[in-house]
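A closer look at the structure
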Amino acid sequence: MQQGLSNTLRSTAAHASQSRALKSTNWASRRSSRRSSNTKGRCNGHASGPGQGARLPWACVFSPPAQSKPRDVAAPGPLPPLFYPKKFEEIKKANQAAAKKLVEDQYSSSSEDDDDEDDDIDGKHGQILAKTFTTYTNQTDGDASELERTRQYVNEAFQSGAMTCLICIASIKRNQAVWSCFGCFCIFHLPCIQKWAKDSVFLISSPLTDDDFGKKDYPWPCPKCRFEYKRSETPTRYYCYCGKVEDPVLDPWLVPHSCGQVCEREFKPPCGHKCLLLCHPGPCPPCPKMVTTTCYCKKAKPVPRRCSTKEWSCQLPCGRKLPCGQHSCENPCHPGNCQPCPRVSKQRCVCGRQIAERLCASPLWQCDQVCFIKTLPCGNHTCEQVCHSGSCGECPRTGKRSCPCEKTKFIFPCTEDVPTCGDSCDKVLECGIHKCSQRCHRGPCETCRQEVEKQCRCGKHTKLMPCHKPYLCETKCTKIRDCQKHQCKRKCCPGNCPPCDQACGRTLGCRNHKCPSVCHRGSCYPCPETVDVKCNCSKTVLKVPCGRERTTKPPRCRELCSRLPTCHHPSQEKHNCHFGPCPPCRQPCQKGLKCGHFCPVSCHDEALVKQTGLHQPVGPWEQPSEPAFIQTALPCPPCQVPIPMECFGQHEVSPLPCHSVGPYSCKRFCGRLLDCQNHTCLKECHKVTSVNGNTDKRKAGPECLQCEEECSKPRPPGCPHRCILPCHPGECPPCIQMLKIKCHCKLLNLYIECIKITCADLKEKDLLTSCQNQCPKELPCGHRCKDTCHPGDCPGNCNQKVKLRCPCKRIKKELQCSKVQEGQVSLECDALCKEMKRKASELKEAEAKAAVEEEKRRQQAELEAFENRLKGRRKNKRRRDEAETEQSVWEKYKRFIMLPICGVAVVILAWIIAYNL
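As the structure is a computational prediction, the values presented were derived from the model and not from experiment.

Cut-offs and rules
Residues numbered from 1 in each chain as written. Predicted model: local features only at pLDDT ≥ 70, side-chain atom pairs only at ≥ 80, totals over all residues. Heavy atoms only, no water. Helix = DSSP H or I, 4+ residues; strand = E, 2+ residues; numbered from the N terminus. Buried < 20%, exposed > 50% of the residue type's maximum accessible area, 1.4 Å probe, protein only. Contact = heavy atoms within 4.5 Å. Areas by Shrake-Rupley, 256 points an atom, 1.4 Å probe, with all protein chains shown as cover. Patch = residues over 30% accessible without salt bridge, like charges linked within 9 Å, V, L, I, M, F, W, Y side chains within 5 Å. Salt bridge = Lys/Arg side-chain N within 4 Å of Asp/Glu carboxyl O. Lys, Arg positive; Asp, Glu negative; His and termini not counted. Charge placed at Lys NZ, Arg CZ, Asp CG, Glu CD. pLDDT = per-residue confidence, 0-100. Phe/Tyr/Trp six-rings, centres within 6.5 Å; stacked < 30°, edge-to-face > 60°. Core = buried A, V, L, I, M, F, W, Y, C linked by side-chain atoms within 4.5 Å. Polar contact = N/O pair within 3.5 Å; in protein donor to acceptor, adjacent residues only side chain to side chain.

Another point: the overall build of the chain. Assigned secondary structure in the chain consists of 10 helices and 24 strands. A burial count over the chain gives 28% of its 917 residues as buried. Pairs at least 24 residues apart make up 32% of the contacts formed inside the chain by residues separated by at least 6 positions. In the form shown here, the chain has an accessible surface area of approximately 62,300 Å², with 54% of it arising from carbon and sulfur atoms.

Turning next to a positive patch on the surface. A cluster of basic side chains, namely K740, K742, K746 and K777, defines a positive patch on the protein surface. Looking at the element boundaries, K746 is found in the loop between strand 21 (738-742) and strand 22 (749-753).

The next point concerns the pattern of salt bridges. Tallying each qualifying case throughout the model produces 19 salt bridges. Put simply, E710 and R722 hold a salt bridge, and the shortest N to O gap is 2.9 Å. With E710 in the loop between strand 20 (653-657) and strand 21 and R722 in the loop between strand 20 and strand 21, the pair connects residues that are 12 residues apart, well separated along the chain. Members of the salt-bridge network, linked through shared partners, are K407, D423 and D426.

This part is about the environment of M163. Mapped onto the elements of the fold, M163 is located in the loop between helix 4 (148-158) and strand 1 (164-165). What makes M163 buried here is its relative accessible area of 9%. Considering only alpha carbons, one finds M163 and K173, 10 residues apart in sequence, at a separation of 8.2 Å.

Quick look at the confidence of the model for the chain now. Per-residue confidence for the chain gives a mean pLDDT of 76, with 80% of residues at or over 70. Across the chain, strand 3 (residues 178-180) holds the top mean pLDDT of 91, while helix 1 (residues 2-30) sits lowest at 38. Counting interchain partners and residues more than four positions distant, the pLDDT-below-50 stretch residues 208-214 has 11 contacts.

This brings us to the packing of aromatic side chains. Enumeration according to the criterion identifies 8 aromatic pairs in this entry. Between W196 and Y525, the ring centres sit 5.5 Å apart and the planes meet at 65°, which makes this aromatic pair edge-to-face. Highlighted residues: W196 in helix 5 (residues 190-205) and Y525 in the loop between strand 14 (462-466) and strand 15 (530-534), separated in sequence by 329 residues. By relative accessible area, which is 1% here, W196 ends up buried. Taking 4.9 Å as the distance between ring centres and 20° as the angle between the ring planes, the aromatic pair formed by W220 and Y229 counts as stacked. Taken individually, W220 and Y229 each receive the classification buried, so the pair is uniform in this respect. By the ring-pair criterion, three or more aromatic residues cluster together here, those being W179, F182, F188, W220, F227 and Y229.

Among the secondary structure elements, I172 is positioned in the loop between strand 2 (170-171) and strand 3. Sequence separation of I172 and H189 is 17 residues, and the distance between their C-alpha atoms is 7.1 Å. Sequence-distant contacts of I172, defined by excluding residues within four places in its chain, comprise M163, T164, C165, V178, I187, F188, H189 and H257.

This brings us to unusual backbone geometry. Following K268, the chain continues to P269 via a peptide bond in cis, the omega torsion being 0°. Inspection of the secondary structure puts P269 in the loop between strand 6 (228-229) and strand 7 (290-293). The backbone phi angle of S538 is positive, close to 65°, even though this residue is not glycine. Despite not being glycine, Q590 shows a phi value in the positive range, around 65°.

Among the structural elements, H569 can be located in the loop between strand 16 (541-545) and strand 17 (607-610). Sequence-distant contacts of H569, defined by excluding residues within four places in its chain, comprise C585, Q587, P588, C589 and C603.

Core analysis: the largest hydrophobic core is formed by 39 residues, its most contacted members being C165, I167, W179, F188, I193 and W220. Secondary-structure elements contributing two or more residues to this core are helix 3 (121-139), strand 3, strand 4 (187-189) and helix 5. If one sorts the elements of this core by residue count, helix 5 sits on top with 6 residues.

All right, on to the side chain of Q347 then. Mapping Q347 onto the fold places it in strand 9 (residues 344-348). In terms of polar contacts, Q347 uses its side chain to reach the side chain of S345, at 3.1 Å. Those residues within four positions of Q347 in sequence are excluded, and the remaining contacts are Q354, I355, A356, R358, L359, C360, S362, P363 and W365.

Examined against the element boundaries, C515 turns out to sit in the loop between strand 14 and strand 15. A relative accessible area of 6% means that C515 is categorised as buried. Along the chain, C515 and P526 lie 11 residues apart, while their C-alpha atoms are 8.9 Å from each other. Discounting chain neighbours no more than four positions away, the residues touching C515 are C504, G505, R506, L508, H520 and C524.

With that out of the way, let us pick up a nonpolar patch on the surface. Taken together, the side chains of Y893, F896, I897, M898 and I901 present a nonpolar region at the surface, about 530 Å² in accessible area. Along the chain, I897 turns up in helix 10 (residues 889-916).

In C-alpha cells:
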C-alpha cells in the first residue's frame, strides 16, 4: 500500500507539474488581451466554468492571482535565472502536498462512508431528528405531517452519498465547507460555488467593450434552479443553514453543517412568524402557529386556524356585485376578485344596428359593417369607418391638399381630385441614395436602375451593377464565433457574426450524456438528469445525480429476500434484500438420526471446507488451478440429546449425550460400609455385585476393598493406649497395660494398671497416686510440711518454735511460727536499747564533722599551689617576648647592601662575555 501511495504521488505530481507549465504559458499569453486580464488561469483539462466538475482534483493546483485590469498590459518578460529553481521548488512542494491530500482523502472516504452506512437511522439519527423537530411538534400537538419535505432533506444529510455537489460531482462530507441555494436548497461545496460564480460573471461580461466593462453588476445563476444572485452575493464564508454561526463546529449529535440553534428564518410567504425548528437544510415547514381569522367573504365568524392555512372558505355564496353591475357572484366563498359574469344577454353593438346574445361581462362590441349611413358635413361623402360611436367627424378631402410629390398644395372642392404639379418627383428611391427622375406622378416610384460600383458586405470585393440589386460575394467568413470553437463560414459576412447555432455535444461531468445546448463558451451546465440506484430486488430506489451511480452504494432495502433456499429446508431464514449470495443458513438441521432424535445444529449442507493435497504454487506468478475452499455437505454430528443415566455405584443420575449412553463411573469414592462396620470403601466408583439377593446400596460387595486399618474406636477417658485388636465391630476389650505415674510429691514413679486408674473415682485415684511418705514441700514460712504425700496445697498452720528479736537485736525470745507470721506477737526495745542507740548516733555526727574540716584544708592547699605555679609562667613568657623583638644590624640592612653588589656583578659578567666574543 505504501508503494502504491508513493507511485500515485509521483504520477500525480508529474501530471500537475505538466498542467501547471501549460497553464502558466496560456495565462501569460492571455494577459496581453484586454478582456481576459482579470481572470485566473485554468489548468489543462480542468473545467472552470459553471456546471463542469473538476475531473482531476489535482489538475488545478496553481492559479495565478487576479489583478486589476489595465488598458494596455504587455506580456510578462523573462524571469531572472535565480527565480526558476525557487519557483520550481515551490510548485513541486504544492503539487506533492495536494497529491498526498488527495490520496489520503480517497483512502479515508471509503471507511467514512462505511461507518456512515452502518449507522442505524432508527437509533442515533432518529434521536437527532426528534430533537430537531421537537419545538415544531410541540406547537402542532405531535402532528409531523407537514415535516415530510424537510425530513427528506435532513435524512439526505445523514445518508452517505445522498448529498452531491452538482459542480464537481463529488460527495459532500460533514467536515467540508458548503453553501445552500435559497431557491432550490441544493448544497454545493463552497470553493466550487465561488469558482462557478466568478466564471459565470466573467462569461457574461466578456463580450462587452472596454467602456462598459465593470459598470454593471452582472448576476450569476444557481447551477440547478438558475435562480440569479448579484455579484455582491457571492459567498465568501462558510455559514450554517440558518446563517447565524460562521464555521459551525462538527458535532456528531447535530445535523451536519448545522449550528444546533433555533432556525428563526422568516416563513415564505411572510406571515410575521419565524421557523421553530433547529438549524436545518431544505425549506422551512409551514407555520404551525394558531391565529384567529375569518373566511374570504368575511361572512363567517373568525375561527382559530394554523397560520399556514389561515385563508379558508366558508363555502357560502359570495354575493358580491359583479363588474356588469346587474348580477351578484354565485360562486362559493373564494379568494381574490370575482370571475366575469357568466350569464348571457341580448346587447346592441356600438353603432346600434345589430343585436346579439353575448356574455354579460363584455357589453361593448363592434359589428363588421361600415358606417355609410351617416353623411359627412360636406354633404357629398359618407362615413367609411367601421362600427363606431359618436360623430363621424369632418370629410378627409376638405381643406388644403398636396400633389403626389408633396411639393405644391391646392384648395379644391372635396368632389375633385388634386392634379399633378408637373415638377420632378425627387422622392428618395428604395436604394436610399438616388432620387426619382420622373415627373410628379401618382402611385409608387419605379425601381432604381442606375449602375454603380458596389462593395460587398464584407468589404473585400467591388463590382459595377444596378443600384437596386444587392452585391454578395462568395467569400466565406473565417472569424471564430462567440463559442470560440467554430468558424462563421457565412458568405460575405459584414463582421457581426451571428451566435453559433451548432449543438455543443461535449460530454458532461456525468460522463453519460452530452450537452444539448447550443455551442457556448466556458463549461457546460451540470447534467439535469437523475439516476435510480436500486437494490437487488428493485423495490428500494435512491435517486442520485447522473454520474454518481458508479460510486454510490445501493440503498439498504427493508424488503425480505425472495431467493429460494439452496439447502434441504423448504424456506430460508428471513433476511433483508442484498447483493451477492445469501448468508449461510442458520436454521436447525432437523435431519433424523439413528437414535430417533433430530439434528439440532445449524444447517451444514453448504459448509466451507479447505481442500487438502492441492498442488502448491511455485511462486506468486502461478495462479491456483482449484479453489482452496469448497462448499460441501457435512454429516450430522453425534447426537447430543441428554439421557439420564445412573453411575455404577448408584451415587447420582447424570444426563449423558445420546451417542455415549451407558453405565459410567462418577469418579467418587464407593462409600459402601465395609464388614468392620467402621469404614467405607475408598475405591473409585465401581460396579458392585449383590450377594444372596442383597439390594442394600450401603453394604459393601465382593468388589469392594477389605479393611486393613487399626481399631480407631474412642478409648475410655484417661487411657492413652490403642486397641490391640485390628478394626473390629463391637466394643474394645479392657486395657491391662501398666501406667507410669508420679506421686503427688513428684519424687517417686508408681506403676498402676490402666483399667484401675480409668475406673477409679477421685478419692481412689488420690490414694493410688500417693507414696505414703512425708511431704517434701516447704510451707510459706520456710519449714517442711509434716503431712504424708497428698494432693493440693499444704496446710498453712506451722507449729514449730522460732526466735524473735527486738529492732536493735539485743533482746530475743522463742515463739510459735504461725503466730509470728500472722503478726499476733511483737518484741519492742526497752530503755537501755534506746540509750545505746542515741550514743551511737552522736558518735557518727562527730566523725562526719571532722571529715568535712579535713576536706576544706586539703582544697585550700591545692589552690595556693596552683596560683604559685601560674605566677612563674607569666614572668618567663614576658622575658621570651622581649628577646624576640630585638634584631641585628645585618638583618636590618642586608637588602640595601646586596642589591648594588648583584647589579655590578651582572654588568661585569656581561662585559666579559661581549669582549670574548
